[in-house]
2 protein chains.
Amino acid sequence: MARTGRIGEFELIARYFAPLARGFTGAGGLKSDNAFLSGDARHDLVVKTDTVVAGVHFLGDEKPGLVAAKALRVCLSDLAAGGGTPFVYQLSLALPDAWTEAWVAGFARGLAADQRRYGIVLCGGDTVVSPGPLTVTITAFGKVPRGRGLTRAGGRAGDELWVSGTIGDGALGLRAARGQLMSPALERRFRQPQPRTTLGVRLVGIATAAADVSDGLLADAGHIGEASRVGIVIERDRVPLSAPARRAVTADPDLWPEILGGGDDYELVFAVPPRRRRALLRAADAAGVAVTTIGTVGEGRGVRLTIGGQPAHAPRRGYVHF
Amino acid sequence: MARTGRIGEFELIARYFAPLARGFTGAGGLKSDNAFLSGDARHDLVVKTDTVVAGVHFLGDEKPGLVAAKALRVCLSDLAAGGGTPFVYQLSLALPDAWTEAWVAGFARGLAADQRRYGIVLCGGDTVVSPGPLTVTITAFGKVPRGRGLTRAGGRAGDELWVSGTIGDGALGLRAARGQLMSPALERRFRQPQPRTTLGVRLVGIATAAADVSDGLLADAGHIGEASRVGIVIERDRVPLSAPARRAVTADPDLWPEILGGGDDYELVFAVPPRRRRALLRAADAAGVAVTTIGTVGEGRGVRLTIGGQPAHAPRRGYVHF
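Keep in mind that this is a model prediction, so the values were computed, not measured.

## Brief notes about the domain arrangement of chain A
Residues and elements named next belong to chain A. One can read the domain layout of chain A as domain 1 (9–16 + 29–145) and domain 2 (160–312). Relative to domain 2, the C-alpha centre of domain 1 lies at a distance of 26 Å. Each partner contributes to the interface: domain 1 provides 20 residues, whereas domain 2 provides 18 residues. Across the domain 1 to domain 2 interface the summed buried area is about 1700 Å²; carbon plus sulfur atoms make up 59%. When residues of domain 1 are sorted by the area they lose upon contact with domain 2, Leu59, Lys70 and Arg73 head the list and together hold 30% of the total. A salt bridge links Arg191 to Glu62, with the nearest nitrogen and oxygen atoms 2.6 Å apart.

Following this line, the structure appears as structure tokens:
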């Protein structure tokens, strides 16, 4: 039904979303129902869908540009774990009843900035109004050389386990965003994830298995273990922490379970045979991303945590995320 | 957070959704973050995302199997308009806080039935819990011969305008579902759309432009007109009606605006040059779908309605659908 003073769906699309699809012919200017993606025998498409809900996956009053960045980047993080180069995306936007054009304009500006940053283009989607909270679903497409995409399966006994960047900043950043911890740097990490797109694409042919750290390091390493049918040992003291996270956990060691088990880091965790260690370090250097070996892949099943080499109780938090 | 007596996300996926992905290797049993779709130089992928919200796009207390069918079929209807053969789909399920496993089981059974019916397989997605109403987003993928997919653009002056099946049953079916009209047949049409997948794929090389009738016949014909930069004339007395719709509008001629302007028919409206009329009729026959010519494509812009050849006032309903 028409609402006085607000524009309709078609005008909304024409004004804010069609400009985001300009760089991709197959989107047809968003004037048709469908997008068309040309086949290419040398590549596979890597595809991932993620949904974020206001008040669940981001703060209910988050700025529209940051909502756009979060929705897009959690998907790009998955593509990175698959070894994909970002290509195009579909957007479904369920706006709350009280949506405003200013909000949509800010959201579209956020998407535009990330399109430039990650070289990705809108190719289609849907816009609805819902009595519920703002809900954004993005299906992102990447390209990966044919048959060489990375999955959680493929890790082998003898591989080393690596992570990119630093771990725990997402969970501690949520605390910071809620005012429970004082750290603008950590808060920024939570609000604006930095998907490791430059590293992921370079792990093709190097890593045997990979996942992004979205459910928590222990849970995501566990997913690799399950899919690869291997056991994983992680040494806590090797897990790389940012300076503010190090300070926080030194002051309060009870934060360790959140660091290892909380989610939203959007780093990569991956298995690499020792003979490819040098190739990995070169790739990480080219990607401009630090990588750290934090454990080993072996026989057996499950994730075991050691502290200074001694078996420790692995916190379970993060295994269940709804 | 874990909820007593209910299973977690990973178990939900393993129990109800992984079985739906068995037929597609690229889904990796839903054990990795991503799906991988192999490129193919002879085809394009046709891609469409649609979101349906409980209480907005289907009745809030709709049976889970019918919710699944509706969510999937509105997408398949778009693929049909693009000339695509259904291939795989991604599913994002935002469950309300009070979700039950029985509901998810019924929803998955509905998907399984439609997967068999339309030859489509789940390839990935996301599941979240939301404080809002049940929201289902599906991104469906079809295949179409390279560069030959149908869009709303391409219609030319001199083409004839055609529709599949019967028009108005969706809008009248909503009335029936609300108890405002007595017709089990129309109610079924609203609750269980029948996307014209067998016809759409056969319109490639025959139709110059196509859309599905989801916003209402006049609006969707208007979209073709705009994208093709042509004017369209529709003769109301040629618009094919089902027997119950004919009875309803004979009893109450005020229903005409709903028939022509309401949505949810999920028929196809398309333009065909007169010289391809015979090819169209053969295609429709092979598809097992009736087609009717309802108007003409000409110079100018906009959609004009005639009744018995005389210019009439075209109802505007349907142009704005939120």
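## With respect to the sheet that holds strand E12 (residues 310–312) of chain A
Residues and elements named next belong to chain A. The mixed open sheet is built from seven strands, whose spatial order is E7-E9-E6-E10-E8-E11-E12. Both edges of this open sheet fall to strand E7 (209–212) and E12, since each of them pairs with a single strand only. Taken pair by pair, the neighbouring strands of this sheet meet at an average axis angle of 30°, ignoring direction. Relative to strand E9 (residues 268–272), strand E6 (residues 160–164) is paired through four bridges, and the arrangement is antiparallel. Its bridge partner being in E9, Trp162 is matched across the sheet by Phe270. Sheet strands in contact with helix H2 (residues 64–81) are E7 and E9, and its direction is about 170° off that of E7.

## Here's the deal with the relation of the copies chain B and chain A
What relates the pair of chain copies is a rotation about an axis plus a shift along that axis. Of the two same-sequence chains, chain B is brought onto chain A (RMSD 0.0 Å, axial shift 0.0 Å) by a rotation of 180°. Overall, the copies show the geometry of a two-fold rotation axis. Nearest to the rotation axis, the C-alpha of Gly132 of chain B is located 2.0 Å from it, this being the minimum over chain B. Most of the interface of chain B is mirrored in chain A: 100% of its interface residues are interface residues there too.

## A word on helix H5 (residues 184–191) of chain A
Leu186, Arg189, Phe190 and Arg191 of chain A are the residues of H5 of chain A that are buried. Tucked into the core, H5 of chain A has its buried residues touching H2, helix H4 (169–177) and helix H8 (243–251) of chain A.

## Digging into the nonpolar core
Core analysis: the largest hydrophobic core is formed by 128 residues, its most contacted members being Phe17 of chain A together with Phe17 and Phe270 of chain B. With ten residues, the single largest contributor to this core is helix H2 (residues 64–81) of chain B. Apart from residues no more than four positions distant in its own chain, Phe17 of chain A is found in contact with Leu12, Leu30, Leu91, Leu93, Val104, Phe107, Ala108, Leu111, Leu122 and Thr127 of chain A.

## Digging into the packing of helix H4 (residues 169–177) of chain B against helix H5 (residues 184–191) of chain B
Residue and element names in this part refer to chain B. Packing of H4 against H5 leaves a shortest axis separation of 7 Å and a crossing angle of 110°. In terms of axis orientation, H4 runs roughly perpendicular to H5. Residues Asp169, Gly170, Leu172, Gly173, Leu174, Ala176 and Ala177 of H4 touch H5, and the partners they reach there are Leu186, Glu187, Arg189, Phe190 and Arg191. Along the lines of polarity and charge, the residues of the contact of H4 with H5 split into six nonpolar, two polar and four charged.

## What to know about unusual backbone geometry
Residue and element names in this part refer to chain B. One non-glycine residue, Leu30, adopts positive backbone phi at about 60°. Assignment of secondary structure puts Leu30 in the loop between helix H1 (9–17) and strand E1 (35–38). On the basis of relative accessibility, which here comes to 17%, the residue Leu30 falls in the buried class. With phi around 55°, Arg229 is a residue other than glycine that occupies positive phi space. Considering the arrangement of structural elements, one finds Arg229 in the loop between helix H7 (217–228) and strand E8 (231–235). A residue is classified by how much of its surface remains accessible, and Arg229, at 58% relative accessible area, is exposed.

## Observations regarding the interface of chain B and chain A
Chain B puts 66 residues into the contact, and the matching count from chain A is 66 residues. Between chain B and chain A, the buried area comes to about 5200 Å², and carbon and sulfur atoms account for 56% of it. Between Arg152 of chain A and Asp33 of chain B there is a salt bridge whose closest N-O contact spans 2.6 Å. Linking chain B to chain A there are 19 residue pairs in polar contact (both at pLDDT 80 or more). Here the side of chain B that touches chain A gets ten residues from one element, more than from any other, and that element is strand E2 (residues 43–53) of chain B. Residues belonging to the side of chain B that touches chain A are distributed by class as follows: 30 nonpolar, 22 polar and 14 charged. Of the pairings in the sheet, the one linking strand E2 (residues 43–53) of chain A to E1 of chain B comprises four bridges and is antiparallel in character. Residue Val47 of chain A lies in a different strand from E1 of chain B, and its bridge partner there is Ala35 of chain B.

## A few points about the environment of Ala94 of chain A
Residue and element names in this part refer to chain A. Along the polypeptide, Ala94 turns up in strand E3 (residues 85–96). Residues Ala94 and Ser164, 70 residues apart in the sequence, show an inter-C-alpha distance of 33 Å. In this structure Ala94 touches Val128, Ser130, Pro133, Leu134 and Thr135, once residues within four positions along its chain are discounted.

What counts and what doesn't
- Residues numbered from 1 in each chain as written.
- Chains lettered and ligands numbered in written order.
- Predicted model: local features only at pLDDT ≥ 70, side-chain atom pairs only at ≥ 80, totals over all residues.
- Heavy atoms only, no water.
- Domains from an automatic or database assignment.
- Contact = heavy atoms within 4.5 Å.
- Buried area = accessible area lost by both parts, 1.4 Å probe.
- Salt bridge = Lys/Arg side-chain N within 4 Å of Asp/Glu carboxyl O.
- Pairing = 2+ DSSP bridges.
- Helix = DSSP H or I, 4+ residues; strand = E, 2+ residues; numbered from the N terminus.
- Axes fitted to C-alpha atoms, helices over the stretch in contact; angles between N-to-C directions.
- Least-squares fit on C-alpha atoms with pLDDT ≥ 70 in both.
- Buried < 20%, exposed > 50% of the residue type's maximum accessible area, 1.4 Å probe, protein only.
- Core = buried A, V, L, I, M, F, W, Y, C linked by side-chain atoms within 4.5 Å.
- Parallel < 35°, antiparallel > 145°, perpendicular 65-115°, else oblique.
- Nonpolar A, V, L, I, M, F, W, Y, C, P; charged D, E, K, R; others polar.
- Polar contact = N/O pair within 3.5 Å; in protein donor to acceptor, adjacent residues only side chain to side chain.

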